[in-house]
Amino acid sequence: MSAENFYYDKNNLWLFGYGSLMWQPDFFYEQRVRATLHGYHRQFCLFSHVYRGTPEMPGLVLGLAPGGRCDGIAYRIAAADAAAVFDQVWQREMITAIYIPHLLPVTLFDAESVTALVFVADTSSAQYAGALSLPERAAIIKTAQGCRGTNYAYFQNTIIHLQEMGIEDAELTSILSHIGIT
């Protein structure tokens, strides 16, 4: 899917972040609020051949896998910035087409529901790694590196920001125990 073929409301653009978009948004936004997406959960389930790994030694990045819920951040984008932010985020997230973009309802911290742009893991992609065990994920995260740095730094930044928001993620905590770095 191309950005040109994806319809969104430029006057009411919300974006849901659950990984690096939480701690490195790199775009202008009007509002940033904790939010929950139902029906998906955060998982290190996508091989990264660019940002956190290489084709020869892939890293792992977060995706939204079916089932459960995911707590993260919803960003409200000003109408004047919507087209530029959409293009910027699309280029960043769709670099190797491992996500399927959706407009999905998210619940904001104050219980208001909004429709947000959400990037969900493409389970049909050759880069989908959902079947890896926690020890296998930990081994990859501990050693991989790509053009944006180490896979472990990405993992660590995600955990730090989740902790700062008071969000417990059992899978990430389990991966951390398998990595064995303190």
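Residues numbered from 1 in each chain as written. Predicted model: local features only at pLDDT ≥ 70, side-chain atom pairs only at ≥ 80, totals over all residues. Heavy atoms only, no water.

## Concerning the overall build of the protein chain
We count it as follows: A run of H or I in DSSP counts as a helix once it spans at least four residues, and a run of E counts as a strand once it spans at least two, with each numbered from the N terminus. Atoms counted for the radius of gyration: C-alpha only. Globule rule: 2.2 Å times residue count to the power 0.38.
Scanning the protein chain from terminus to terminus reveals five helices and seven strands. In sequence order, the protein chain lays out its α and β elements as β-α-β-β-α-β-β-α-β-β-α-α. For 182 residues, the compact-globule estimate of 2.2 N^0.38 gives 16 Å, and the protein chain sits close to it at 16 Å. Its C-alpha atoms give the protein chain principal-axis dimensions of roughly 45 × 35 × 25 Å.

## Quick notes on the environment of M57
Heads up, the rule is: The cut-offs for exposure are 20% and 50% of the maximum accessible area for each residue type, with area from a 1.4 Å probe on protein chains only; residues under the lower value are buried, those over the upper are exposed, and the others partly exposed. By the convention used here, residues are in contact when the closest approach between their heavy atoms is within 4.5 Å.
With respect to the secondary-structure elements, M57 resides in the loop between strand 2 (31-48) and strand 3 (59-77). We classify M57 as partly exposed; its relative accessible area is 41%. Sequence-wise, M57 and F119 are 62 residues apart; in three dimensions their C-alpha atoms are separated by 24 Å. Contact partners of M57, with chain neighbours within four places excluded, come to T143 and A144.

## Some words on the pairing of strand 1 (residues 13-17)
Sheet faces and side chains relate simply in a regular strand, where the side chains alternate between the two faces. Test applied: Strand pairing follows a simple DSSP-based rule, namely that at least 2 bridges must link the two strands.
Among the five residues that make up strand 1, five are buried, leaving the element largely enclosed by the rest of the structure. Burial along strand 1 is two-sided: L13, L15 and G17 facing one way and W14 and F16 facing the other are all buried. Where strand 1 meets strand 3, five bridges bridge the pair, whose relative direction is antiparallel. For W14, the partnering residue across the bridge sits in strand 3 and is R76.

## Things to note about the nonpolar core
Quick reminder of the rule: Buried residues of nine kinds, namely Ala, Val, Leu, Ile, Met, Phe, Trp, Tyr and Cys, make up a nonpolar core once their side-chain atoms join them within 4.5 Å.
Among the nonpolar cores identified, the biggest contains 60 residues, and F16, F44, V106, F119 and F155 are the most heavily contacted of them. With nine residues, strand 3 is the single largest residue contributor to this core. Aside from chain neighbours lying at most four places away, what touches F119 is L15, Y18, L64, V89, W90, E93, M94, Y99, I100 and P101.

## Concerning the pattern of salt bridges
Test applied: In the sections that follow, a salt bridge refers to a side-chain nitrogen of Lys or Arg positioned within 4 Å of a carboxyl oxygen of Asp or Glu.
Applying the stated rule across the entire model yields seven salt bridges. R69 serves as the salt-bridge partner of D71, at 2.8 Å between the closest nitrogen and oxygen. Looking at D71, the relative accessible area reads 12%, which means it is buried. A residue is classified by how much of its surface remains accessible, and R69, at 47% relative accessible area, is partly exposed. Between E171 and R137 there is a salt bridge, and its shortest N-O distance comes to 3.0 Å. Highlighted residues: E171 in helix 5 (residues 170-179) and R137 in helix 3 (residues 134-143), separated in sequence by 34 residues. Overall, the relative accessible area of 17% leaves E171 in the buried class.

## Details of the packing of helix 4 (residues 151-164) against helix 5
Any two packed helices are characterised by the angle at which their axes cross and by the distance between the axes. We apply this condition: Every axis corresponds to a line fitted to the C-alpha atoms, with the helix fit spanning only the stretch in contact, and the corresponding angles, defined between N-to-C directions, vary from 0 to 180 degrees. Oblique is the label for every angle not falling under 35 degrees (roughly parallel), over 145 degrees (roughly antiparallel), or within 65 to 115 degrees (roughly perpendicular). We call a crossing left-handed when the near helix sits turned anticlockwise from the far one by less than a right angle, and right-handed when that turn is clockwise. Note on residue classes: Ala, Val, Leu, Ile, Met, Phe, Trp, Tyr, Cys and Pro are nonpolar, Asp, Glu, Lys and Arg are charged, and everything else, Gly too, is polar.
Across the interface, helix 4 lies against helix 5 with an axial gap of 11 Å and an inter-helix angle of 135°. Comparing the axis directions of helix 4 and helix 5 gives the class oblique. Remark: the crossing between helix 4 and helix 5 carries left-handed chirality. Residue-level inspection shows Y152, F155, T158, I159 and L162 of helix 4 in contact with helix 5, the latter providing L172, I175, L176 and I179. Taken together, the residues of the contact of helix 4 with helix 5 break down into eight nonpolar, one polar and no charged.

## Thoughts on the packing of helix 3 against helix 5
Look at helix 3 against helix 5: their axes get within 8 Å of each other, and the N-to-C directions meet at 70°. Classed by the angle they form, the pair helix 3 and helix 5 counts as roughly perpendicular. At the point where helix 3 passes helix 5, the crossing takes the right-handed sense. Across from L134, P135, R137, A138, I141 and K142 in helix 3, the residues of helix 5 making contact are E171, S174, I175, H178 and I179.

Without other data, these values stay purely geometric and don't point to any function.
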